[in-house]
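# Architecture and fold: a report
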Amino acid sequence: MLRATVMLREGGWEAQARRLARALSPVAVSPAAPRETVAALDAWGPSLMPRSARVRGVAMGLGVLGARATSGVAERLTRLLAPADAPLPARLVAWAVVGGAGAALAAVPERHCRKLWVASLQSTGLLLRDGAAGGVVHDVGRWLQLRYPDQQVVRPLASGAVHTAGLLYRVSRGLPSRGSAKDPRPPFEPTAMPETLATSYVVTTLGMGLARGFVASRGALESYFGPGPSKRTLARLVNAGLWAGAAAATYSAGVAYVGRANQRVEPGYSTPPPSPLVSGSPESLLPFAALGQQGRRYVTDVVTPELIEQVMGEPARDHPIRAYVGFNSEPLYQTGRAELALAELERAGAFDRSVLLLISPTGTGWVDHTLIEAAEFLTRGDIATCCIQYARYPSFLSIQKVALGRGQFRLLLWGVTQRLAGLPPERRPRVLVFGESMGAWTSSDVIMFQGIKGFDHYGIDRALWVGLPWLAKWSRSGMTRGSSTLVPEGTVGVFDHHDQLAALDDDQRSRLRAVVVSHDNDPIAVLGPDLLVQRPPWLADGQRGRGVPHTMRWQPLGTFLQTGMDAMNAMLLTPGEFASFGHDYRGDMAAFVRDAYGLPEATDEQLEQIEQVLRSLEFERYERIKAGRADTASPTPADRDNPAGGVPLRSRRAPGSPWLRRPADRERGDR
């Protein structure tokens, strides 16, 4: 036995085990390793939206890259004071100087951080302080490993655990728990850990590979241009320009690839609608093929008078009008698209209806059908809706199109105002405005410098904005909170759920001109660059709203990355299952449409019937989108031979929650 042990030791298995232990130790890799460990654990903590294993892995990888980048700044500052080969006491003193400076900046009182530049100083101090703490942990851990090279494998692991205990303590309180039955966030599943770790590794490897490639190309250009400060600066500028050009080309190619979906004709939406009151019909000025994917869905799914009568239990007043102008109808000029929309409204007789609803869509041209169908039911069909597409990509890829969408919607509003001016006041329809997500941004920005006076200028009676992004002018200027002089008290209201609006009395509701529906835990409504350096009010103790985890905490850079991932994950909805959570506003949509717009009164029984049918219509729309052939697609409301039996009042259940199903089984948010 003794001889066998000696032979194994001579084979070097203990040395290999020690090397493996040192590689796995959270303090052995680099000064950024302790903070990377903290960032990785933060990805498992609570956030605004549920996360699949893959999404959590992406968040973890981005967090690790962010920790590595910020810790690298502290490391470079320290190396200016003490080189990497300096004795341990000198390095510890250098870390103490950098960490002390960071701690001094981090000690700025919270009440002084309302200004972004002060908050930036405080956040910089926090990052420097934590980076210096990680550097101390790393240097001491490495010194212990070099000081006792022949000790057992457990020593480097134990030293790493002890030295990182302080850093890990603050995230231990935020690790996910089983949660309550009402919490829609799924509990942590150990079986998802391998996929999460693998995704995180891929993201981290790609990020570091790009960083190394950037440094390598910069070094090659510096060598090519030769020595000298001016040539070195020129080389770095050229390198940055080449990388920026490559990134722009990659972005453009990706956007073009995504935009091709607008051209795809779905078998369930391949037949032009028969009614002359909608765009794309044989009598329409706009060809069905030019409406785009979202436009074809928009005009095909119009509800019929028969369905309105069945749901409301009373005769319908008319067949709803739906006008839609696709981006391809006039791809170069927004003025042309606005004129086409106005001409289409006139052709269909929209100005003779009692309600004219103008809609600004999201980036792909998507509009929430739940809103349109609810308005058509509540008005008993006496309504005309109009929407103009201004982009063909998801909203997060169409930020640069906001100005285009704003200008296009302004042209539509002004054109409607001019045409209504020629009608007697008693014959003019009420002009209502709707926008969701990016559509709320573009439509509200039309009157961003006028406030409520802009409603009167354009003849707008009321507006309903849902999921208004933080980047919108109304959000950033405080007009949604009533803190602007452009917004008289009581004319704008922000609501998390419908019960808050229902609690107002009749006089308060009558004063509202703009209703903003914004869930407390909607990541799109709270995601802004201020999250990088400033603690937001929605994460302040005692001010957290519905759906915001009590254990979620703010940290510089990390919270911005985590909320950004939540925003990317907030648009996956389960067809037929309405919720009032995150960026899903379908659960309260019918009630908000009725009360925000002041539409004809509907009883509670009628509203319940509407909500049931809206669920059924959405699930059938999901089946049409997924249908491989036109003959297997669910019939549209206009194609039903027997309307009374065509729409079940109890909706079927879609297969599973969106964060638990495979991407192929989801209805993409298309926003």
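Scroll up to find the structure this text is about.
Summarised in this report is the structure supplied together with it. All of these numbers come straight from a predicted model, not from anything done at the bench.

### Re the side chain of Arg462
Its place among the elements puts Arg462 in strand S5 (residues 462-466). For Arg462, which is buried and forms no salt bridge, the nearest opposite charge comes from Asp461, at a distance of 4.4 Å.

### Focus on the state of the cysteines
Here the structure, examined in full by the defined rule, presents zero disulfides. No disulfide involves Cys387; its sulfur sits 7.3 Å from that of Cys386, the nearest cysteine.

### With respect to the sheet that holds S5
Across the sheet, seven strands lie side by side as S1-S3-S2-S4-S5-S7-S6; this open sheet has parallel pairing. In this open sheet, the two strands that pair with only one neighbour each are strand S1 (321-325) and strand S6 (492-495). Pairwise comparison of adjacent strand axes, ignoring direction, gives a mean angle of 15° for this sheet. Here S1 runs beside strand S3 (residues 383-388); their pairing, made up of five bridges, is parallel. Each bridged residue has a counterpart across the sheet, and for Tyr324 the counterpart in S3 is Cys387. Strands in contact with helix H10 (residues 292-300) are S1, strand S2 (355-360) and S3; relative to S1, the strand with the most contacts, it is inclined by about 170°. Across the sheet, helix H12 (residues 334-348) touches S1, S2 and S3, and the angle it forms with S1 is around 160°.

### Points about the nonpolar core
Counting 95 residues, the largest nonpolar core has Leu371, Phe377, Leu464, Trp465 and Trp474 as its most contacted members. When residues of this core are assigned to their parent elements, the largest contribution, seven residues, is made by helix H22 (residues 589-597). Core analysis: the second largest hydrophobic core is formed by 13 residues, Ala106, Leu531, Ala570 and Phe581 among them.

### Looking at a negative patch on the surface
A cluster of acidic residues, Glu601, Asp604, Glu605 and Glu608, forms a negative patch on the protein surface. Relative to the helices and strands, Glu601 is located in the loop between H22 and helix H23 (604-626). Taking relative accessible area as the criterion, Glu601 reaches 63% and is therefore assigned exposed.

So, how was this worked out
Residues numbered from 1 in each chain as written. Predicted model: local features only at pLDDT ≥ 70, side-chain atom pairs only at ≥ 80, totals over all residues. Heavy atoms only, no water. Helix = DSSP H or I, 4+ residues; strand = E, 2+ residues; numbered from the N terminus. Buried < 20%, exposed > 50% of the residue type's maximum accessible area, 1.4 Å probe, protein only. Lys, Arg positive; Asp, Glu negative; His and termini not counted. Salt bridge = Lys/Arg side-chain N within 4 Å of Asp/Glu carboxyl O. Disulfide = S-S within 2.5 Å. Pairing = 2+ DSSP bridges. Axes fitted to C-alpha atoms, helices over the stretch in contact; angles between N-to-C directions. Contact = heavy atoms within 4.5 Å. Core = buried A, V, L, I, M, F, W, Y, C linked by side-chain atoms within 4.5 Å. Patch = residues over 30% accessible without salt bridge, like charges linked within 9 Å, V, L, I, M, F, W, Y side chains within 5 Å. Areas by Shrake-Rupley, 256 points an atom, 1.4 Å probe, with all protein chains shown as cover. Charge placed at Lys NZ, Arg CZ, Asp CG, Glu CD.

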